[in-house]
Structure formats: structure tokens, C-alpha cells
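Summary of structural features
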There are 2 protein chains.
Amino acid sequence: MDIKFVKRDVLKEKPDQKNLGFGKYMTDYMFVMDWDQGIGWHDARIEPYGPIEINPSCVTLHYAQETFEGLKAYRTKDGRILLFRPEMNAKRMITSNERLCMPGFPEDMFVEAIEELVKVEKDWIPSEPETSLYIRPFVFATEASLGVHQAISYKFMVICCPVGAYYPEGINPVKILVEDELVRAVQGGTGFTKCGGNYAASILGQVRAEAKGCTQVLWLDGVNRKYVEEVGTMNIMFKINGEIYTAPIEGTVLPGVTRDSIIHILKDWGYKVNETHLSVDDLMKAGHDGTLEESFGTGTAAVISPVGEFVYKDDSVVVNDFKIGELTQRLYDYLTGIQWGNEEDKYGWTREVL
Amino acid sequence: MDIKFVKRDVLKEKPDQKNLGFGKYMTDYMFVMDWDQGIGWHDARIEPYGPIEINPSCVTLHYAQETFEGLKAYRTKDGRILLFRPEMNAKRMITSNERLCMPGFPEDMFVEAIEELVKVEKDWIPSEPETSLYIRPFVFATEASLGVHQAISYKFMVICCPVGAYYPEGINPVKILVEDELVRAVQGGTGFTKCGGNYAASILGQVRAEAKGCTQVLWLDGVNRKYVEEVGTMNIMFKINGEIYTAPIEGTVLPGVTRDSIIHILKDWGYKVNETHLSVDDLMKAGHDGTLEESFGTGTAAVISPVGEFVYKDDSVVVNDFKIGELTQRLYDYLTGIQWGNEEDKYGWTREVL
Ligand SMILES: Cc1ncc(COP(=O)(O)O)c(C=O)c1O
Ligand SMILES: Cc1ncc(COP(=O)(O)O)c(C=O)c1O
């Protein structure tokens, strides 16, 4: 791919690595590429990060024809830069775009765009423990036209920002509200994609959870409102009686890259992993009778996030005395070890950019 | 409300009223107003229609926190300008915004914004039969921040475009595909709102319908995939054995302004209207045994759109020999008569702007 580089005159000042937060500081550059019907993808460029112009009748502002991805670049102790399974994000974005009737692209193109931007922004990748560069690829319709239809022009962009440790004071278990009224996804819908509409629809659940003193929502299936699916921006796993349970990938749950990686590791460690429909009643029962040993969310942002408590209607169960479980900790250490290059990458998951 | 007016130097040339299409020509001006946390709505203005600047990390581009409305301004034979039940659109947008955790506003503010813009753009309202000015109010998050959350800043905008007769060659019945795999909405989701995500999710259904020679999709409920809900951008009604059937407003179907108006009229005309769950099997059966007398979609764009045929799996039924039904035609004539000021407005639905 031929990528034009448009230099900026003055680079931004880099923020304090101890105080990065999430998405507060965007880097100096962004990758941009256009798609037009009859032409395909064209005009790849890396240009100064800054506002874009959009027509008020742009399809995206009205009908949300938009998808995104999220991954990270990690700086190792010996100064190499690693990506973690970027081809998985490429595949998922291709799947998302198909569902949303948006243009696809070769996996290579997606990965190359990210690699080239990361190379340009290498000085933005922080070196403090557990910091990384968050990378946000996204595609959206740019056509200006008010009829509801498949748009004929799109933009693919990649932007990035340095991010701090997700839990600056060490990993803390989270309290999760099981949502019994609102629904995130249903078979035949868009739950398996990373399209904007899924997230807009989820905000109310998040707001309600916070009002009840919880930090996250656990969604139930949209048909029976009974089976556990996933958390706001994480897949979720349960260790019950020594075995692992997590929702299957059947159209409603996002196929998380972290989820897939953790399942590989767990199987290699000899755990039985049940990708099956676990009912919230069985979950609460396991919580009460003590067979629910651990639970954790999996996602790019926090990698592994232990669950300390589930609240469902008038009931609630505390998991492992609200402390991070042994297996949860071991998974966190091992997977982050691979990501930051401190563990041998026996699965071949990391990809060296520099 | 204090609205600042920013004049444009040169007005656009008005398009040929015989060839307006839908959404091809935007007018000279747009209404814009901002909302910020702690301040509320501020800086109402009518300014030249043109591109806006948006940050690449704007919440709307990633998480589709956006809602919209659609209504029309009609020019009567004696030159008055009418809106049709704009307070219904205001109410619906307030409901949409609540579900999407976006700021609400007083109904008056919504209606005033539209009235003021329509006054400025009065020369854009066409006078050819069945033409009108389509008005598109929309609200979207403007905050630049990548965390999934309720945004802290928004824009409310109103744009408009003259539109032609929906069926330039007279009303033609449409052929509709009953979609049995993809789902538009489910209880607990956002089906009752006009949020962007609903429409992005629906495009694939539309594309598939067109591939099968149909012009529209009829959606079934997301739980049983059995009960008839609504069409792409219309509610749908059936006349079976002299009675009217249409899906109830229970959280999945959009509460259409046209639907509500037609139900009022039908009841006044002595029809029994059943707002109930009609299964697709019962619909096809009624089609085959001849009790399905008429069917039509209702929506702002086409007002009333007769259905000529339903295709469901390997089955299909033709309605009323693919001709517009008597009641459908009578409803169309009467309601458009009120909207264009040719019928007495006994319901008080029209609102004179000028
Ligand atoms: C809804 C949802 N589920 C799960 C995940 C976890 O996916 P991944 O592990 O690829 O980050 C995410 C975040 O990306 C998400 O948004
Ligand atoms: C999904 C959907 N259903 C129904 C309608 C009809 O609503 P109204 O009669 O208010 O235009 C519309 C169009 O606005 C729509 O988008």
C-alpha cells in the first residue's frame, strides 16, 4: 500500500506517563483512507491528527453506518514494539462491515495501516509498567444523503492515544449489575459486531448500573432474559466447581480477542472450558452455594478484570470474598506477560512492529 | 428562544420542482444549537447550510449516540405553510433521547426551531402537487472522548430539503419481503426510538429484499420471529375481513405519527382497529383464503403506501390483485387532503407557520 505522509509543523507535548487515563491524549497523526463506489479504497495517508469536515446530511450522523476496532501496541523492556493478534481485529472488522453493508478490505491492509501509524508514533508508546498505546481503527459512511440506504462512500481511519494502567492502584474486583430489563443484543441483530449502535443502546444500562453502585452491566440474552452474555466492553467467564463457563459465540456476543486467547491458555493449562448458555439463576445459585470460585471479564482495555460481586434483582452474591482469584491473577500475569514481551510467546500472538 | 441569524452571501439556485427526488437538494440554511453539561442548550442560530467540523474521536463516530426525526412542511393552494403534528415529533425525539441518555428539551423549543427555519426557507417549499419540504431534526454527541459513556456535549440541528411526490407516476403498490432471519428490534432494545443504530442494522435486510426483487422489508418480532412488526421506514396495517390489524406500540415498533393519525381516522370512519400481534402465518393464510383485503404502510415520506405482495420464505401472496385498495386510496386522499390544506382539519393536526 502506498501511504502518503503529511508532516505536521509542531509536534504536541507528550503527557505525563503516570497520568495518562483512557483516551485523554490523542497522538500527533492519524491514518486516513477513502472508499468510493466504483473505485474502492484509495488515497491512504498519514496526516496530522485534527478535526474532519462532515456534511450535516452525512449517513453516519443519521443512520450510524459505522464500525470500529480496538487494540494496543506495547513497548517491551528491551524497547521493541509489539502488537497483539492484530489480524484478529482485522477479521472482526471485516465481519462487522459485512453485517453493516460496508466495504471490506484485505486483512493485510488493516494491519499495515496500523503498523505504519505505530511506526510514525513510536515515541508516543509509553514505557511505564502496564501502559500502552491504544489504537482505534474505525470505518464510517461519508456520503451526504438522507435516504436510508447503503452509502456509496466511506472513510477508514486509525487514531491512537497512550493509555495508563487500567487499574492504577492494582487490579480491583468490580461490582456488576445483572440487567434484567434492557437488552443489548438478539440473534439476527448486530451483537457480534463492533458497530456504533450497539454501544449507544448500552449506555442507559451503564448509567443505571452506576446509579446502583455498580461499575459494569452484565447483559442477559434478548429472547429469554435468562442466559448470561457479556459485560459492557468485556466478555465474561466464570469458574464454577473447577470448570470454566463462558457464553458461546452465536451471533449476540462479541467474539473478543482476549476471550479467544484466554480460552486457548485455559485449555493448555488443563481446564475444561464450557462455551455454553449459563442461566443467571444457576450463576446466583453457584454464588450462594460456594461453587462459584472466580469470575472475570476479558477485554483489550483491562485485559482481565476480576468480578467481586453480582447484583441481580433483590439478590446479590460476593465472589471469592471480593478478592482477585488465584486463576484470574495467574491468567492476568501470563497474558500481560506475553503482551509486554516478558513471557515467551509460544502461541505466536505478538507481532513485532519495530 | 433567542435565535441568531447568520446570513449567507449568495443563495443557491432552486431546483426544478418536477425533479426533486428525496434529499437531493439541501436548502440554504440550517438550525444549530449546542448543549453542554452544566450549561444546557445554548447558542441557537440559523446559519448557512454547510459542512461542520467534527473531532475524529467524537462519540457519535464511534458509539452512535444520535437520534433524529422526520416531518414535512406543506404549501397550501392559497399559499399558507402548514406543519403536520410537529409536537408529536418533539415528543418522540424526547423519548428517543431519554433511551439514548441524551439531553431532552421542551416540546416548544423543538417546534420553534423548526418554525423559524421554515420561515427563513419559505421560498424553498415547493408548490407542485404532492411536493413538500422535508425537515430533518437531529441530535448527536459532539464530545471527543473514546471511553464508552454518556457524552457531555451535543448538537441539535435541523436541516431540510424540498421533496417530490413519493410516487411520481401515481401510487404504486410495493412488493415486500418478510425477513425471517435478521431482526430489527427486541423488547428492552431501542426499536421504539429513532436512533441511528436501528437504521444501520436494517440496511442488510433492505439489500437482501432488493436482491429478491422486493422494495421493502417486513420485520418480524425478535423473540418468536413470528409476529409482524413494521416495514423499513413505515408502520404497516392490514385489512382482514373488514377489520384493521396493526402491531401494538410496546417497545419494539416505532410509534409513527402517520400510524396514529390513520388509526384516529379509521376509528372515526367506524372501523375496528386491532393493535395486536398478528402472526405471519395468519397473514399468509388470510392472503391465501382471500380475507386479506388490503394492506398499506404508513409513514411521513410516502404517507400511505399500498402493499401489492408479501413474500415469506417459499410462499407469497398477492394483495387485491396488486392494485391499491379502496380504503387505502380513501385514507391517502383524506390524510394528504388535510396535510396540504384541501380538507377541513377537524382534528386540529395542522399548524400554520405562515
Ligand atoms: C461488547 C464487547 N464485548 C467484548 C469485548 C472484548 O473484546 P476484545 O477482547 O477483543 O477487546 C469488547 C471490547 O472490545 C466489547 O466492546
Ligand atoms: C422504523 C420506522 N417506522 C415507522 C415510521 C413511520 O413514522 P412516521 O409516520 O412518524 O413518519 C418511520 C418513519 O419515520 C420509521 O423510520
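The rules we used
Residues numbered from 1 in each chain as written. Chains lettered and ligands numbered in written order. Predicted model: local features only at pLDDT ≥ 70, side-chain atom pairs only at ≥ 80, totals over all residues. Heavy atoms only, no water. Least-squares fit on C-alpha atoms with pLDDT ≥ 70 in both. Contact = heavy atoms within 4.5 Å. Buried area = accessible area lost by both parts, 1.4 Å probe. Salt bridge = Lys/Arg side-chain N within 4 Å of Asp/Glu carboxyl O. Helix = DSSP H or I, 4+ residues; strand = E, 2+ residues; numbered from the N terminus. Expected span 1.5 Å × (residues − 1). Buried < 20%, exposed > 50% of the residue type's maximum accessible area, 1.4 Å probe, protein only. Domains from an automatic or database assignment. Phe/Tyr/Trp six-rings, centres within 6.5 Å; stacked < 30°, edge-to-face > 60°. 1 Å grid on protein atoms, 1.4 Å probe; cavity = no way out; pocket = protein on both sides within 12 Å on 5 of 7 lines; lining within 4 Å. Points joined across faces, edges and corners; volume = space filled by probe spheres on them. Nonpolar A, V, L, I, M, F, W, Y, C, P; charged D, E, K, R; others polar. Near = heavy atom within 4 Å. Polar contact = N/O pair within 3.5 Å; in protein donor to acceptor, adjacent residues only side chain to side chain. Areas by Shrake-Rupley, 256 points an atom, 1.4 Å probe, with all protein chains shown as cover. Sits in = over half its atoms within 2 Å of the grid points.

The transform that puts chain B on chain A rotates by 180° and translates by 0.0 Å along the axis, for an RMSD of 0.0 Å. Such a turn and shift between the copies fits a two-fold axis. Within chain B, Gly197 of chain B has its C-alpha nearest the rotation axis, a separation of 1.9 Å. Taken as a fraction of all interface residues of chain B, those also at the interface in chain A reach 100%, which identifies the copy contact as same-surface.

Okay, the interface of chain B and chain A next. Contacts between chain B and chain A engage 57 residues on the former and 58 residues on the latter. Surface buried jointly by chain B and chain A totals about 4700 Å² across both partners, of which 68% is contributed by carbon and sulfur atoms. Of all residues in chain B, the largest losses of buried area upon contact with chain A belong to Pro56, Leu61 and Leu146 of chain B, amounting jointly to 13% of the total for that side. Remark: the boundary between chain B and chain A carries zero salt bridges. Sorting the residues of the side of chain B that touches chain A by element identifies β4 (52-54), α1 (59-63), β5 (66-68), α2 (86-99), β8 (132-141), β9 (153-163) and α4 (196-211) of chain B as the ones contributing at least two each.

Our focus in this paragraph is helix α7 (residues 326-339) of chain A. All names here are of chain A. Look at α7: 20 Å from first C-alpha to last across 14 residues, which is about the 20 Å you get at 1.5 Å a residue. Most of α7 is tucked away, with 10 of its 14 residues classed as buried. Within α7, the full set of buried residues consists of Leu327, Thr328, Leu331, Tyr332, Tyr334, Leu335, Thr336, Gly337, Ile338 and Gln339. Count one or two residues on from α7 and you reach Gly341, which has phi positive near 75°.

Residues and elements named next belong to chain A. In terms of domain boundaries, chain A breaks down into domain 1 (4-163) and domain 2 (174-339). The C-alpha centroid of domain 2 is placed 27 Å from the C-alpha centroid of domain 1. At the junction of the two partners, domain 1 supplies 19 residues and domain 2 supplies 21 residues. Buried area between domain 1 and domain 2, both sides added, is near 1800 Å², and the carbon and sulfur share of it is 61%. When the area that domain 1 buries against domain 2 is broken down by residue, the three leading residues are Phe84, Arg92 and Arg99, summing to 33%. The tally of links from domain 1 across to domain 2 stands at one salt bridge.

The subject of this paragraph is the packing of aromatic side chains. Summed over the entire model, instances satisfying the criterion amount to 36 aromatic pairs over all chains. Consider the rings of Trp269 of chain A and Tyr334 of chain A, whose centres lie 5.5 Å apart with planes at 55°: the pair is tilted. Here Tyr334 of chain A lies in helix α7 and Trp269 of chain A lies in the loop between α5 (257-268) and β15 (273-275), a separation of 65 residues in the sequence. What makes Trp269 of chain A partly exposed here is its relative accessible area of 23%. Judged by its relative accessible area of 14%, Tyr334 of chain A is buried. The interplanar angle of 15° and the centroid separation of 4.2 Å between the aromatic rings of Tyr347 of chain B and Trp349 of chain B together place this pair among those described as stacked. There is no split in this pair, since Tyr347 of chain B and Trp349 of chain B are both buried.

A word on the pattern of salt bridges. Residues and elements named next belong to chain A. Here the structure, examined in full by the defined rule, presents 38 salt bridges over all chains. Where Lys155 meets Asp34, a salt bridge forms, and the shortest distance between an N and an O atom there is 3.0 Å. Taken together, the positions of Lys155 in strand β9 (residues 153-163) and Asp34 in strand β2 (residues 29-36) put the pair 121 residues apart, joining distant regions of the chain. Owing to a relative accessible area of 18%, Lys155 belongs among the buried residues under this scheme. The buried category is assigned to Asp34, whose relative accessible area is 13%. Salt-bridge contacts for Lys239 lead to Glu293; the nearest nitrogen and oxygen are separated by 3.0 Å. Of the two residues, Lys239 sits in strand β13 (residues 234-240) while Glu293 sits in strand β16 (residues 292-299), which places them 54 residues apart along the sequence. Owing to a relative accessible area of 13%, Lys239 belongs among the buried residues under this scheme. Here Glu293 falls in the partly exposed class, since its relative accessible area comes to 26%.

Put simply, the largest pocket is a space of about 890 Å³. When contributions to the lining of the largest pocket are tallied by element, the ones reaching two or more residues are β8 (132-141), α4 (196-211), β11 (216-220), β13, α5 and β16 of chain A. Sort the elements by how many residues they give to the lining of the largest pocket and α4 of chain A lands first, with six residues. Class assignment for the residues of the lining of the largest pocket results in 19 nonpolar, 16 polar and six charged. Reported here for the second largest pocket is a volume of approximately 690 Å³. Contributing to the lining of the second largest pocket are 35 residues, with Val148 of chain A together with Tyr166, Gly232, Thr233 and Ala301 of chain B lying nearest its centre. Counting only elements with at least two residues in the lining of the second largest pocket, the list comes to β8, α4, β11 (216-220), β13 (234-240), α5 (257-268) and β16 (292-299) of chain B. Sorting elements by how many residues they give to the lining of the second largest pocket places α4 of chain B first, with five residues. For the lining of the second largest pocket, a count of residues per class yields 15 nonpolar, 14 polar and six charged.

Time to look at the site of ligand 1. Residues and elements named next belong to chain A. Taken together, 16 residues lie around ligand 1, and Lys194, Tyr199, Glu230, Thr258 and Thr300 are the ones closest in. A distance of 2.9 Å separates an oxygen atom of ligand 1 from a polar atom in the side chain of Arg92. At 2.7 Å, a side-chain N or O of Lys194 approaches an oxygen atom of ligand 1. Protein contact buries 96% of the 390 Å² of open area that ligand 1 shows by itself. With respect to the detected pockets, ligand 1 is housed in the largest pocket. Elements with a contribution of two residues or more to the shell around ligand 1: β13, α5 and β16.

So, about the site of ligand 2. All names here are of chain B. In the vicinity of ligand 2 there are 16 residues, among which Lys194, Tyr199, Glu230, Thr258 and Thr300 approach most closely. For ligand 2, an oxygen atom lies 2.6 Å from a polar atom in the side chain of Thr258. Within the side chain of Thr300, one N or O atom sits 2.6 Å away from an oxygen atom of ligand 2. When the free accessible area of ligand 2 is taken as 390 Å², the share hidden by the protein chains comes to 96%. Structurally, ligand 2 is housed in the second largest pocket. Put simply, the parts of the chain that give the shell around ligand 2 at least two residues each are β13, α5 and β16. A class-by-class count of the residues in the shell around ligand 2 yields four nonpolar, eight polar and four charged.

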